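Topology and contacts: notes
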Amino acid sequence: MLFKIIWRSFLRQTRNYIVYFLSMTTAVMIFYSFSAMTYDQPLTLRARQDIQIEGVLTLGNVFVAMVVLIFMLGANQFFIQQRQKEIGLYQLFGLRKSRIIFQFLIEGVVLNVFSLIVGIVMGIIFSKFFAMILIKAMDLNLESRFFISWASILTTVVMFFVAISLISLQNMWLIWQKQLIDLFQPKRVVSSRRFTVRWSAYVIGLFSVLLISIGYYIAVNFVEVLNRYIQQTEDFSSVLWVPLLIFSLCVCGTYLFFAYGIQACLYLTVKWRMFSYRDVRFFALQNTRHLLSKSWRTLALISVIVGIAISLIGGAISVFAMSYRYTDLSQPVDFQITADESKQLEQLIQESGGEITDKLTVSLKAVGTHSLQPIQFLEDETYENIAIFDLISESMYHDIRQIVPRLPELKLTKADQGVIVDLSPAMVSKRQFSKAEQKITLPNENTVHLTQRFSTMIGDSLLRYGSNLLVVTDELYQKVEGIDYQLVYLNATGYNEEQLQKKYVSQLPTDWGHDVSYHYVYKKGQLKGSIKPVSDEASSENKEEQRISRLNQTSRYPNVRSDRRQGGIFLYVALFVGMIVLITTASTLMVRQFFEAGREKQNYQLLQQIGIPKKTLHRAVYHQNAWIFFPTMLLATTHGSFAIYMLTELVQDANYWVAYLFCFITIFIFTSAYFLTTNFYLRIVEE
């Protein structure tokens, strides 16, 4: 008989558990799909040449499991708190706590096991669809296959039984510690809390808006603020802690806003008699204030978590864009190869059905240089730096621009002028350089005065000797003594890149060679020394001589393929983890409002009995739920949007439409949850 009573009680609350069930089913489906793809041998083997997708998918599964576990524990605690009077009634009937705990454990296990079974079935059905999305995202030339991964089913079952065990322990703790008098006592925070907002609430509310505004301002002007700060302090660690500062300002501002700011706004609305007394808005506003006083921490946490999810998607896009940008800079053409091996490469391309569209023989010269470099954090302090630079003539630079149009224009007006155009692409390289840094001393009493430093690259620096590439006038290029060598830049079309790459690697393997040794000394304003080629077997007789080598060839396709696959898998995982975050957070709000509807049922029916029209009550319910869903949604999407904007300023070459689309998906899911919740809310209060 007792079992029937508890079962009927559970069935009467099915509406409250259906959202929980759908969220859990979706989480199990995604968890199983991620796990199944790690056992998809054709997929993992094909992607393994560029990335171990098993590790990334496992990491995604860990995040999904963490989000789901937090959601399950939070929802379970909320369910127990809402049913505390029911637990008290069972104790009044003489039922022992151990029996009550056992009944609730059975109830929770049945619900979660049912979610697990349905989720695994849905995962088996949709796993091929998820694999097709991943294959498309990683640009893999592979057919997706349908299969059932028994190992993934076992992993999913074990993970969820661990979660169910934790929930069972939580139920035991929550029910066992409750005394009978506590179960029937109304919550003090609701019954005794005074809702008169003091002046300090207005101050803290304005302060929360100020914190969020400062965070947004720094995010919008991130590059300018960071450059200005680095120029004044030389503190390059600010690249790391300034984003953390923005995050801290927004998090603190969000919590203070939900704790004080939104209460102050509601109190001002209530004090506005002409507005609040119309259509029983006063009743809806007071109910909203009670609800916010209990759940402001949850609303703030949801805003922060969803904002982080949106930001992580933008961050995944930025990382992919930076990687692809570096590849584009270091690999501006399809192939870079030494002059003595270029003929063999051309033959391979022709044998593969390809056609060479661009070919340029680039002449360079490796020379010793002397310059003064600033000591970080010490003003006006420098140290002497002797290094090998690669020289390139101005006319050769213009020839390279014919096949690499993105290179900036360059014009040298004096014979001793030069431009460094091979710095790593970094924002901080735009700082002003001192007069001492602008002078570079070359052998044979030649000097170069730097006019500019371009933050860009002309090909892979590993194929050259020097630490920097220096563009000088044709006249100075001929005068300076050094080691002349050549590289060939090739663009081709009409061939199968994957097949050619296999032949290319086997017949022209990447190797270090073309060694040179050098020794330079700077005395009395002059750089003296020599640089000379050495054979692989030769050993340096002079112990002070240093030896360097360079690569023989490189191609663009493997790097582009690796960037696409790595970026695709990380974006894929970020999107699905973000979707789980959206579903669980929206479900949390829906479940809370369903229970509130049960509490407010008598109040709304009383208002209806005294003659308040249904339309007026419906309007009040819509207003009340709007204060719960929309501030949370707007803050979350605003945080995420400003984070994406900051990333667009930092990495301008990326396309962030996926991140902005996720913002619209967030708005759609929370708006849909709002209307669904309101619809069910009205059904509950009108029963």
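None of the values given here were measured: they were computed from a predicted structure.

Let us look at the overall build of the chain. From N to C terminus, the chain includes 21 helices and 12 strands. Across the 687 residues of the chain, 50% fall into the buried class. In the chain, the proportion of contacts linking residues at least 24 apart, taken out of those at least 6 apart, comes to 83%. Carbon and sulfur atoms provide 60% of the accessible area of the chain, an area that totals close to 34000 Å².

Attention shifts here to the environment of serine 330. Tracing the sequence through the fold places serine 330 in helix α14 (residues 281–330). Between the C-alpha atoms of serine 330 and aspartate 460, which are 130 residues apart in sequence, the distance is 4.5 Å.

The subject of this paragraph is the nonpolar core. Grouped together as the largest cluster of nonpolar side chains are 119 residues, with contacts concentrated most on Tyr20, Met37, Ile569 and Tyr572. For this core, the leading source of residues is helix α19 (residues 557–609), giving 19 residues. With residues up to four places along the chain from it excluded, the contact list for tyrosine 20 reads Phe71, Met72, Ala75, Phe79, Leu111, Asn112 and Ile167. Counting 33 residues, the second-largest nonpolar core is a separate cluster that includes Tyr397, Leu469, Leu527 and Ile531.

Attention now goes to the sheet that holds strand β10 (residues 526–533). Overall, antiparallel pairing links the three strands, which are arranged β10-β9-β11 in an open sheet. Of all strands in the sheet, those bounded by a partner on one side alone are β10 and β11 (546–551). Sheet twist, expressed as the average angle between the axes of neighbouring strands with direction ignored, equals 30 degrees.

The full count for this structure, using the stated rule, is nine salt bridges. Where aspartate 484 meets lysine 365, a salt bridge forms, and the shortest distance between an N and an O atom there is 3.9 Å. Of this pair, aspartate 484 sits in strand β8 (residues 483–493) while lysine 365 sits in strand β2 (residues 355–374); the two residues are 119 residues apart in sequence, bridging distant segments of the chain. A relative accessible area of 53% places aspartate 484 in the exposed class.

Let's shift gears to the packing of helix α6 (residues 97–138) against α19. Packed helices, taken two at a time, are described by their axes: the angle between them and the distance between them. Where α6 meets α19, the closest approach of the two axes is 7 Å, and the angle between their N-to-C directions is 140 degrees. One finds that α6 runs oblique with respect to α19. Handedness of the crossing formed by α6 with α19: right-handed. Across from Phe130, Ile133, Leu134, Lys136, Ala137 and Met138 in α6, the residues of α19 making contact are Arg564, Arg565, Gly568, Ile569, Tyr572 and Phe576. Among the residues forming the contact of α6 with α19, the class breakdown is eight nonpolar, one polar and three charged.

Across four bridges, strand β4 (residues 417–420) lies against strand β6 (residues 446–453) in parallel orientation. Within β6, the residue paired with isoleucine 420 across the bridge is arginine 453. Linkage of strand β5 (residues 439–442) to β6, two consecutive antiparallel strands, is achieved through a turn of three residues, within which asparagine 444 is found at a positive phi near 60 degrees.

Before going further, it helps to spend a moment on the confidence of the model for the chain. Per-residue confidence for the chain gives a mean pLDDT of 80; residues scoring 70 or more make up 85%. Across the chain, the secondary-structure element scoring lowest on mean pLDDT is helix α9 (residues 188–191), at 43, and the one scoring highest is β8, at 92. A low-confidence stretch, residues 187–194 stays under pLDDT 50, and its non-local contacts, those more than four residues away or across chains, total eight contacts. Here residues 425–432 is a poorly scored stretch, pLDDT under 50, and it has 19 contacts once near neighbours within four places are set aside; other chains count.

With that settled, consider a nonpolar patch on the surface. Together, Val220, Tyr645, Trp657, Tyr660, Leu661, Phe664 and Ile667 make up a nonpolar patch on the protein surface, roughly 660 Å² of accessible area in all. For the nonpolar patch, the leading source of residues is helix α21 (residues 657–685), giving five residues. In this structure leucine 661 comes out as partly exposed when scored by relative accessible area, which is 41%.

Tracing the chain through its elements places serine 149 in the loop between α6 and α7 (150–176). Setting aside residues up to four positions removed in sequence, serine 149 forms contacts with Tyr32, Ala36 and Tyr39.

Note that tyrosine 324 resides in helix α14. Accessibility expressed as a relative area gives 34% for tyrosine 324, which makes it partly exposed. Distance in space between the C-alpha atoms of tyrosine 324 and arginine 561 is 9.7 Å, their sequence separation being 237 residues. Filtering out sequence-adjacent residues up to four positions away, tyrosine 324 remains in contact with Arg556, Val560 and Asp563.

Along helix α18 (residues 497–507), the positions that sit buried rather than exposed are Glu498, Leu500, Gln501 and Tyr504. End-on view of α18: buried residues confined to an arc of 160 degrees, all on one side of the axis. Exposed and facing more than 90 degrees away from the buried side of α18 are Gln499, Lys502 and Ser506. On its buried face, α18 sits against α3 (41–47), β1 (335–338), α15 (342–351), β12 (553–555) and α19. The N-cap of α18, judged by a side-chain oxygen 3.1 Å from the amide nitrogen of glutamate 498 a few residues on, is asparagine 496.

It is worth spelling out the packing of aromatic side chains at this point. The final tally for this structure, using the stated rule, is 20 aromatic pairs. Consider the rings of phenylalanine 629 and tyrosine 674, whose centres lie 6.1 Å apart with planes at 65 degrees: the pair is edge-to-face. Taken together, the residues span a long stretch of sequence, with phenylalanine 629 in helix α20 (residues 614–650) and tyrosine 674 in helix α21 at a distance of 45 residues. Relative accessible area serves as the criterion here: at 1%, phenylalanine 629 is assigned to the buried category. Since its relative accessible area comes to 6%, tyrosine 674 is described here as buried. Through pairs of rings, three or more aromatic residues link up here, namely Phe34, Phe129, Phe130, Tyr572 and Phe576. In this structure, lysine 365 packs its charged tip against the face of tyrosine 477, placed 4.6 Å from the ring centre.

Parameters at a glance
- Residues numbered from 1 in each chain as written.
- Predicted model: local features only at pLDDT ≥ 70, side-chain atom pairs only at ≥ 80, totals over all residues.
- Heavy atoms only, no water.
- Helix = DSSP H or I, 4+ residues; strand = E, 2+ residues; numbered from the N terminus.
- Buried < 20%, exposed > 50% of the residue type's maximum accessible area, 1.4 Å probe, protein only.
- Contact = heavy atoms within 4.5 Å.
- Areas by Shrake-Rupley, 256 points an atom, 1.4 Å probe, with all protein chains shown as cover.
- Core = buried A, V, L, I, M, F, W, Y, C linked by side-chain atoms within 4.5 Å.
- Pairing = 2+ DSSP bridges.
- Axes fitted to C-alpha atoms, helices over the stretch in contact; angles between N-to-C directions.
- Salt bridge = Lys/Arg side-chain N within 4 Å of Asp/Glu carboxyl O.
- Parallel < 35°, antiparallel > 145°, perpendicular 65-115°, else oblique.
- Left-handed = near helix turned anticlockwise from the far one by under 90°.
- Nonpolar A, V, L, I, M, F, W, Y, C, P; charged D, E, K, R; others polar.
- pLDDT = per-residue confidence, 0-100.
- Patch = residues over 30% accessible without salt bridge, like charges linked within 9 Å, V, L, I, M, F, W, Y side chains within 5 Å.
- Arc of directions from axis to C-beta.
- Polar contact = N/O pair within 3.5 Å; in protein donor to acceptor, adjacent residues only side chain to side chain.
- Phe/Tyr/Trp six-rings, centres within 6.5 Å; stacked < 30°, edge-to-face > 60°.
- Lys NZ or Arg CZ within 6 Å of the ring centre and 35° of its normal.

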